[in-house]
Amino acid sequence: LNWRFSQIFGDKLPDDDVQDIDIISAIDFDKSGNHIAVGDRGGRVVVFENNGGKDNSHELTSRTELEKLDGAIRYRPKYRYKTEFQSHEPQFDYLKSIEIEGVINKVRWCASTNRSLSVLSANDKTIKLWWIKELKNKSIKDIELTQPVNSENSLLAEKSYVNGETPYFSNDHSLEWNDNDVSSCNGAHGKISCSEDACAAKCRRVYANAHDFSINSISVNSDLETFISGDELRINLWNLENSNQCFNIIDLKPAVMEDLVEMITGAEFHPFHCNLLAYSSSRGFIRIVDLRKSALCDNNARILKDVDSHGPKSFFTEIIASITDMKFASDGRHIVSRDYMNMKLWDMRMDAGPVATYTIHDSLKSKVT
């Protein structure tokens, strides 16, 4: 793969002051790659879309160079601003006397329906389902009348518009709107133009009051009907159409908090097996569970752990071992995880260790051991 710089978003210069609310906190591509959802610390979600741009530079090359390309067409997607909306606002929990920030922790795309876009956004406590739909605004540019209309008839026409009736002029000719965005009447000619497409974002569902700890992961199932939300100790299963009830499928909270040994750092559904999901922990383990076994997934179908990485313990052992994020590969067989020092590639059928390890902070290895 030959990675190249493609595009930059934003209008801030390196020397400009950046406010805390403008810092990006979450980002996600949809499955088609045509849209990007970006969440920030101010609780806003900004959506970018691919304008379908192509790299046509090969049209200027010679025939010999075209033969070397072997007919391949290179696309360089260009994303443009589509819309943005305020997803979450800062709140205060009077029962627990804590302030809930509006920062967006996770954004995840859902399946599109009725030519609209669906996206899930979450802060520490609440998840919201948003629908984004394009609206075409039509505005009358100018109307040229060949016959003057007296003030009395124009007033009657204005009232008829308000009452939902069809307006009539003094010569008993009505004003009609056709599909070509051009209005016409006998003795009158008008023009209607379509302005730029506008997008309306509407909150369809609010999934709240289900997490006592900060939400760190959201994943939509391949069945397109359910999704999971996870915090440090619990993972809940939701139905997209029901925001009043969820099912707790994983619970790591001990009876006494002093006995707590690990926390959940990430969770994700399998890309095409709707019964499988995986979640990572602060101890460096990846657990794969099967929803068909039991309602409460206490028993793991498989545990992926790197035995070779657990050497002599030091002050930084737990910090280094903690997996910060994980994701299934598109083939559904491999999992990519990231901890503080490494990025690891796992095979679901090999639980003895990762198949590949890529060092990130090699220069710090001698300082944290």
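Computed from a prediction, not measured in an experiment: that's the story for all the values here.

The next point concerns the pattern of salt bridges. Scanning the entire structure with this criterion turns up 19 salt bridges. We note a salt bridge from Asp-212 to Arg-234, for which the minimum N-O separation is 3.7 Å. Residue Asp-212 is located in the loop between β12 (188-207) and β13 (217-220), and its partner Arg-234 is located in strand β15 (residues 234-239); the two are separated by 22 residues in the primary sequence. One salt bridge connects Lys-344 with Asp-339, and the closest N-O pair in it is separated by 3.8 Å. Grouping residues by exposure puts Lys-344 and Asp-339 together as buried.

When pLDDT is averaged across the protein chain, the result is 79; 74% of the residues are at 70 or more. Here residues 149-196 is modelled with pLDDT under 50, and outside its nearest four sequence neighbours on either side it reaches 65 contacts, counting other chains as well.

So, on to the sheet that holds strand β14 (residues 226-230). Spatial ordering of the open sheet is given by β13-β14-β15-β16, a layout of four strands whose pairing is antiparallel. Looking at strand neighbours, the two that pair on one side only are β13 and β16 (242-251), the edges of this open sheet. With strand direction ignored, the average angle separating the axes of adjacent strands in the sheet is 25 degrees. Note: β14 against β15, five bridges, orientation antiparallel. Bridged to Gly-230 within β15 is Ile-235.

Taken in spatial order, the four strands line up as β17-β18-β19-β20 in an open sheet, and their pairing is antiparallel. For this open sheet the edge positions go to β17 (264-269) and β20 (302-304), each flanked by a neighbour on one side alone. Each strand axis lies, on average, 20 degrees off the axis of its neighbour in the sheet, ignoring direction. Inspection of the sheet shows strand β19 (residues 286-290) paired to β20 by three bridges, in the antiparallel sense. Counterpart to Ile-286 in the pairing with β20 is Leu-304.

Attention now goes to the environment of Ala-122. By the element assignment, Ala-122 lies in strand β8 (residues 116-122). Sequence-wise, Ala-122 and Ile-104 are 18 residues apart; in three dimensions their C-alpha atoms are separated by 5.6 Å. Setting aside anything within four residues of it in sequence, one finds Ala-122 in contact with His-88, Val-103, Ile-104, Asn-105, Lys-106, Ile-127, Ile-215 and Ile-218.

Another aspect to go through is the side chain of Ser-116. By the secondary structure assignment, Ser-116 is in strand β8. What Ser-116 contacts, discounting residues up to four positions off in sequence, is Ile-132 and Lys-133.

As for its position among the elements, Ser-281 is in strand β18 (residues 276-281). If we ignore the near neighbours within four places in the chain, the residues touching Ser-281 are Glu-262, Met-263, Thr-265, Arg-287, Ser-322 and Ile-323.

A surface patch of negative charge is lined by Asp-11, Asp-15, Asp-16 and Asp-17. You can see Asp-17 is positioned in the segment before β1 (24-29).

The phi dihedral of Ser-97 is positive, around 55 degrees, even though this residue is not glycine. Looking at the secondary structure, you find Ser-97 in the loop between β5 (91-93) and β6 (98-100). For Ser-97, a relative accessible area of 51% gives the class exposed. Even without a glycine there, the phi angle at Asn-209 is positive, about 60 degrees. We classify Asn-209 as exposed; its relative accessible area is 80%.

This next bit is on the packing of aromatic side chains. This model, assessed by the stated rule, comprises eight aromatic pairs. Ring centres of Phe-85 and Trp-130 lie 4.6 Å apart, and the angle between their planes is 40 degrees; this geometry places the pair in the tilted category. In this pair, Phe-85 is assigned in strand β4 (residues 79-86) and Trp-130 in strand β9 (residues 127-145), connecting sequence segments 45 residues apart. For the pair Phe-85 and Trp-130, a shared accessibility class is recorded, and that class is buried. Within the aromatic cluster, the residues linked to one another by ring pairs are Phe-9, Phe-48 and Tyr-81. Above the plane of the ring of Trp-131 lies Arg-204, whose end atom (NZ or CZ) is 4.3 Å from the centre.

What counts as what
Residues numbered from 1 in each chain as written. Predicted model: local features only at pLDDT ≥ 70, side-chain atom pairs only at ≥ 80, totals over all residues. Heavy atoms only, no water. Salt bridge = Lys/Arg side-chain N within 4 Å of Asp/Glu carboxyl O. Helix = DSSP H or I, 4+ residues; strand = E, 2+ residues; numbered from the N terminus. Buried < 20%, exposed > 50% of the residue type's maximum accessible area, 1.4 Å probe, protein only. pLDDT = per-residue confidence, 0-100. Contact = heavy atoms within 4.5 Å. Pairing = 2+ DSSP bridges. Axes fitted to C-alpha atoms, helices over the stretch in contact; angles between N-to-C directions. Patch = residues over 30% accessible without salt bridge, like charges linked within 9 Å, V, L, I, M, F, W, Y side chains within 5 Å. Areas by Shrake-Rupley, 256 points an atom, 1.4 Å probe, with all protein chains shown as cover. Lys, Arg positive; Asp, Glu negative; His and termini not counted. Charge placed at Lys NZ, Arg CZ, Asp CG, Glu CD. Phe/Tyr/Trp six-rings, centres within 6.5 Å; stacked < 30°, edge-to-face > 60°. Lys NZ or Arg CZ within 6 Å of the ring centre and 35° of its normal.

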